[in-house]
Amino acid sequence: MSEISSETRFLHAIEMGLGTWQWGDRIVWQYGHGYSVEEVRQAFQTSIHEGIYFIDTAELYGNGLSERLLGRFLKETDQPVLIATKFFPVPWRFRKAALPRALKGSLARMGIENVDLYQIHWPSPLMSTETMMEGMAECVKSGLARTAGVSNFGQSRMLAAYSALARHNVPLASNQVHYSLLSREVEKNGTLARCKELGIRLIAYSPLEKGLLTGKYSSENPPPGVRGSQYAELLKKLPSVIKLLQEIGQNHGDKTISQVALNWLICKGALPIPGAKNSQQAEMNAGGTGWQLTEEQIARLDHATDNIREYSSRPPSS
Ligand SMILES: NC(=O)c1ccc[n+]([C@@H]2O[C@H](COP(=O)([O-])OP(=O)(O)OC[C@H]3O[C@@H](n4cnc5c(N)ncnc54)[C@H](OP(=O)(O)O)[C@@H]3O)[C@@H](O)[C@H]2O)c1
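The shown structure was predicted, so the numbers you read here are calculated from the model rather than taken from an experiment. (Residues numbered from 1 in each chain as written. Predicted model: local features only at pLDDT ≥ 70, side-chain atom pairs only at ≥ 80, totals over all residues. Heavy atoms only, no water.)

*Asks:* Teacher, can you tell me more about the packing of aromatic side chains here?
*Replies:* Here a ring pair, both rings aromatic, is described through the centre-centre distance and the interplanar angle of the planes. Taken as a whole and assessed by the stated rule, the structure comprises six aromatic pairs. With a centroid separation of 5.6 Å and 85° between ring planes, the pair formed by Trp21 and Trp29 is classed as edge-to-face. Given a relative accessible area of 25%, Trp21 falls into the partly exposed group. Note on Trp29: relative accessible area 7%, which makes it buried. Among the aromatic residues, those joined into a ring-pair cluster are Trp21, Trp29 and Tyr61. When the ring centre of Phe10 is taken as reference, the NZ or CZ atom of Arg146 above it lies at 3.7 Å. (Phe/Tyr/Trp six-rings, centres within 6.5 Å; stacked < 30°, edge-to-face > 60°. Buried < 20%, exposed > 50% of the residue type's maximum accessible area, 1.4 Å probe, protein only. Lys NZ or Arg CZ within 6 Å of the ring centre and 35° of its normal.)

*Asks:* So what exactly am I meant to see when it comes to the site of the ligand here?
*Replies:* Around the ligand, the surrounding shell holds 32 residues, and the nearest of these are Gln22, Leu208, Tyr217, Arg227 and Lys277. Note that an oxygen atom of the ligand is positioned 2.8 Å from one of the backbone N or O atoms of Gly275. When residues of the shell around the ligand are assigned to their parent elements, the largest contribution, three residues, is made by helix 12 (residues 279-286). In terms of residue class, the shell around the ligand is built from 11 nonpolar, 14 polar and seven charged. (Near = heavy atom within 4 Å. Polar contact = N/O pair within 3.5 Å; in protein donor to acceptor, adjacent residues only side chain to side chain. Helix = DSSP H or I, 4+ residues; strand = E, 2+ residues; numbered from the N terminus. Nonpolar A, V, L, I, M, F, W, Y, C, P; charged D, E, K, R; others polar.)

*Asks:* I tried to follow the sheet that holds strand 3 (residues 82-87) on my own but got confused; where do I start?
*Replies:* Pairing between the strands of a sheet is mediated by backbone hydrogen bonds and can be parallel or antiparallel. One open sheet accounts for eight strands, arranged 1-2-3-4-5-6-7-8; its pairing is parallel. Each having just a single partner strand, strand 1 (18-19) and strand 8 (271-272) make up the two edges of the open sheet. Summarising the sheet, strand 1 and strand 2 (residues 54-56) pair through two bridges and their orientation is parallel. Considered in strand 2, the bridge of Gly19 is made with Asp56. (Pairing = 2+ DSSP bridges.)

*Asks:* Explain the side chain of Thr305 here, please?
*Replies:* Assignment of secondary structure puts Thr305 in helix 13 (residues 295-305). For Thr305, a relative accessible area of 1% translates into the label buried. Within the structure, Thr305 has its side chain in polar contact with the backbone oxygen of Leu301 (distance 2.8 Å).

*Asks:* Would you explain helix 6 (residues 155-166) in this entry?
*Replies:* Because each turn of an α-helix spans 3.6 residues, side chains separated by three or four positions in sequence point in the same direction. Between its first and last C-alpha atoms helix 6 spans 16 Å; for 12 residues at 1.5 Å apiece the expected length is 16 Å, and the two agree. Of the positions making up helix 6, those classed as buried are Gln155, Met158, Ala161, Ala164 and Leu165. (Expected span 1.5 Å × (residues − 1).)

*Asks:* Would you mind going over the pattern of salt bridges with me for this structure?
*Replies:* Pairing between side chains of opposite charge can happen when their charged atoms approach one another. Enumeration according to the criterion identifies 18 salt bridges in this entry. A salt bridge links Arg41 to Glu76, with the nearest nitrogen and oxygen atoms 2.9 Å apart. A residue pair is termed long-range when its members are at least 10 positions apart, and Arg41 in helix 2 (residues 37-49) and Glu76 in the loop between helix 3 (65-75) and strand 3 qualify at 35 residues. Among the salt bridges present, the one from Arg93 reaches Glu59, with a minimum N-O distance of 2.7 Å. Of this pair, Arg93 sits in the loop between strand 3 and helix 4 (98-110) while Glu59 sits in the loop between strand 2 and helix 3; the two residues are 34 residues apart in sequence, bridging distant segments of the chain. (Salt bridge = Lys/Arg side-chain N within 4 Å of Asp/Glu carboxyl O.)

So, in structure tokens, the structure goes:
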């Protein structure tokens, strides 16, 4: 592994974080149906209590509501919390000044003076990586963001971001990408290895494959809303994976299916940020930290999921 820069070292010391897309989002997560502000407040409090203090949000989540709720909860705790949020490059944002401006909006919603990690949510065809990274460097140099990261960047874009930031003497701290036992593209196309090589922290989003890796969903009982149709095919292949996760968990001090799935990511060198809607989910997910699957268990999980999707071995161009 390459030398990790002193500015980004803290990210490499974090085993797991908490995702907050659920906090306010009605379209995918149905915020307001079955859970609301009190439940997500408890998810926050339980996470902090369990030692999960790295929280990932975005200006986009719930149209700013996720950041506003997080801001409220931050005021109710005296525990130190690390905050990551994201810039969304909507088409009318194409100048570097859009980044510090958007970040100030996020900071105002959260009621804080700076974030620990500011990420580009998605690459944009209208704003070059160079321009985005100029804006990012400005955010870091002005003290609004402690570190700069990207999200959903393929290898070549990630390398371009890394080099562009380096010209401003700012390290690329992280790349937040889809990674779970059921979505192993970043492992197969070399992005994970490249991140390790360059000291970039790979943050794994949808680490429970939006709830599929908890054992509660099946073809007969699909997840509600858009997830049901999104995962119709994958659900058919799920039972054998769930059975194996269950068996491994039972043989490893009675860990749950989701805890084994999250620990597998930690063992791979990623930082999973499972989303939680309530205290129970937050507590269970936190139990995925502080221990390690054996090499043999990892190999069995690898083997069981190797062909669950078709992966291209070439790095994507995005
Ligand atoms: N950068 C990006 O483009 C991007 C994209 C997606 C996500 N993210 C980030 O990554 C975070 C996590 O990803 P995600 O939310 O998509 O998916 P996820 O973490 O794989 O799944 C979260 C969902 O699974 C269910 N769940 C979680 N823990 C559970 C438990 N212990 N027991 C039973 N059910 C449980 C809950 O939904 P139900 O109870 O409804 O099943 C929860 O909302 C997000 O919150 C967000 O911060 C980023």
